2 protein chains.
Amino acid sequence: MVQWTDLGDVSSAEVDRMRAVYEPLAGAVRELVDATIRTEVDAETVAAVKAEIDAATARLRAVQCDGPFGVRFTAGGDRMAWGNPVIGIRNPVAPPLTIHQDSDGGVFTDFHLGAAYEGPPGHVHGGVSALVLDHVLGEVAANPESPRFTGTITLRYLRPTRLGRLHAEARITRTDGFKAYATGHLADDEGITVEAEGVFIQPKWARG
Amino acid sequence: MVQWTDLGDVSSAEVDRMRAVYEPLAGAVRELVDATIRTEVDAETVAAVKAEIDAATARLRAVQCDGPFGVRFTAGGDRMAWGNPVIGIRNPVAPPLTIHQDSDGGVFTDFHLGAAYEGPPGHVHGGVSALVLDHVLGEVAANPESPRFTGTITLRYLRPTRLGRLHAEARITRTDGFKAYATGHLADDEGITVEAEGVFIQPKWARG
């Protein structure tokens, strides 16, 4: 059973305040992740920096939630998937993607992937392309009133995707009861690199 | 064109030394990523920690490689995919997975996924399952002498995968010229959660 966390009557202003506190921290840790992969400083400097990071982690852990962040929502309709590894503004693993609705019901996102997402040299790991497309197709197939989880997804890799500025988009092709069929693609600056299609299913516990 | 980096005549002892310098740093940053998602310390503490992290990043960036890490190999056969987002020991985004060969040509891995990989509350993001399975199937389908990249992969989600201790495995079902067909699955402590099958193709530039 998957359970969302109801924060109840928390105002949008309070959500904005929490965002302003924690989002810059995650941004700083994203930069640190990139530097950790690429650094060539000497062993003494690495050891000193590691000690500073251990101390920073301890300060943050002095007060922390028990277990993962979860998905929290407020009575006013704010939905905080802040720990999500694709869109989570508090998760340094997430690029993070910002997903937009287009005028005819589809979704799209423009984003950047750097060193942390590299598979073949200079190129996006094929599994990262799958991670992004699973999320983007899932986002168009579901909504807060009707959660749907991936049933099946197929990815076709046309050519390697270069690291750098990327675009992904998805749309629903049809719905059939508890199922939504979605299609989408990932593109770099030379065009489409990966195509995806998937079936997203509303779990039994979420059916009204 | 995807290009590996030939480090030439670097000894295994030197590779081990570099590993001993940089691997603990990535481990510390992984802990920081988890704490960044889960912390509930106050705004002043977050701001102070952020300033420390910015300073740590600057120290690491004082000497760093130009662009992503790439995949480096030595004349002696050491292969360093240390920036990889699934297995990279220098990449805090990677859990990282250690992949083992089994006795009949398959591969398997036992690993742990925590807060940084959460999609539905308490469960693994479906796209993270895809990331892991793409890598594990790719690992069994390719080898240093014969690189193969994902052509097509299909994932079937049987039920949500709980965060925690997980297992993944894959094997080749058949090969056909430049193509290898692989199958595999992800499992949590209650059994198989996601099944995968894929076709992995040797790129034209790598054909002898």
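Residues numbered from 1 in each chain as written. Chains lettered and ligands numbered in written order. Predicted model: local features only at pLDDT ≥ 70, side-chain atom pairs only at ≥ 80, totals over all residues. Heavy atoms only, no water.

### Thoughts on the nonpolar core
Line of reasoning, step 1. The biggest cluster of nonpolar side chains holds 114 residues, and the ones touching the most others in it are A:Leu155 and B:Leu155.
Line of reasoning, step 2. With residues near it in sequence (within four places) discarded, A:Leu155 still touches A:Ala130, A:Leu133, A:Val194, A:Glu195, A:Ala196, B:Gly151, B:Thr152, B:Ile153 and B:Leu155. (Core = buried A, V, L, I, M, F, W, Y, C linked by side-chain atoms within 4.5 Å. Buried < 20%, exposed > 50% of the residue type's maximum accessible area, 1.4 Å probe, protein only. Contact = heavy atoms within 4.5 Å.)

### Quick look at the domain arrangement of chain A
All names here are of chain A.
Line of reasoning, step 1. In terms of domains, chain A is made up of domain 1 (1–96) and domain 2 (97–206).
Line of reasoning, step 2. The C-alpha-based centres of domain 1 and domain 2 are spaced at 23 Å.
Line of reasoning, step 3. Between domain 1 and domain 2, the buried area comes to about 1200 Å², and carbon and sulfur atoms account for 73% of it.
Line of reasoning, step 4. At the boundary of domain 1 with domain 2, the tally comes to zero salt bridges.
Line of reasoning, step 5. The tally of links from domain 1 across to domain 2 stands at two residue pairs in polar contact (both at pLDDT 80 or more).
Line of reasoning, step 6. The greatest single-element share of the side of domain 1 that touches domain 2, amounting to four residues, is contributed by helix α1 (residues 12–38).
Line of reasoning, step 7. In terms of residue class, the side of domain 1 that touches domain 2 is made up of 12 nonpolar, one polar and three charged. (Domains from an automatic or database assignment. Buried area = accessible area lost by both parts, 1.4 Å probe. Salt bridge = Lys/Arg side-chain N within 4 Å of Asp/Glu carboxyl O. Polar contact = N/O pair within 3.5 Å; in protein donor to acceptor, adjacent residues only side chain to side chain. Helix = DSSP H or I, 4+ residues; strand = E, 2+ residues; numbered from the N terminus. Nonpolar A, V, L, I, M, F, W, Y, C, P; charged D, E, K, R; others polar.)

### Some thoughts on the relation of the copies chain A and chain B
Line of reasoning, step 1. Mapping chain A onto chain B calls for a rotation angle of 180° and an axial translation of 0.0 Å; the resulting RMSD is 0.0 Å. On the angle and the small slide along the axis, the relation comes out as a two-fold axis. No C-alpha of chain A lies nearer the rotation axis than that of A:Thr154, which sits 2.1 Å from it. (Least-squares fit on C-alpha atoms with pLDDT ≥ 70 in both.)

### Looking at the side chain of A:Thr161
Line of reasoning, step 1. Along the chain, the position of A:Thr161 falls in the loop between β6 (149–157) and β7 (164–176).
Line of reasoning, step 2. Side-chain polar atoms of A:Thr161 contact the side chain of A:Thr193, separated by 2.8 Å.

### Re the environment of B:Gly191
Line of reasoning, step 1. Along the chain, the position of B:Gly191 falls in strand β9 (residues 191–201).
Line of reasoning, step 2. Between the C-alpha atoms of B:Gly191 and B:Ile53, which are 138 residues apart in sequence, the distance is 40 Å.

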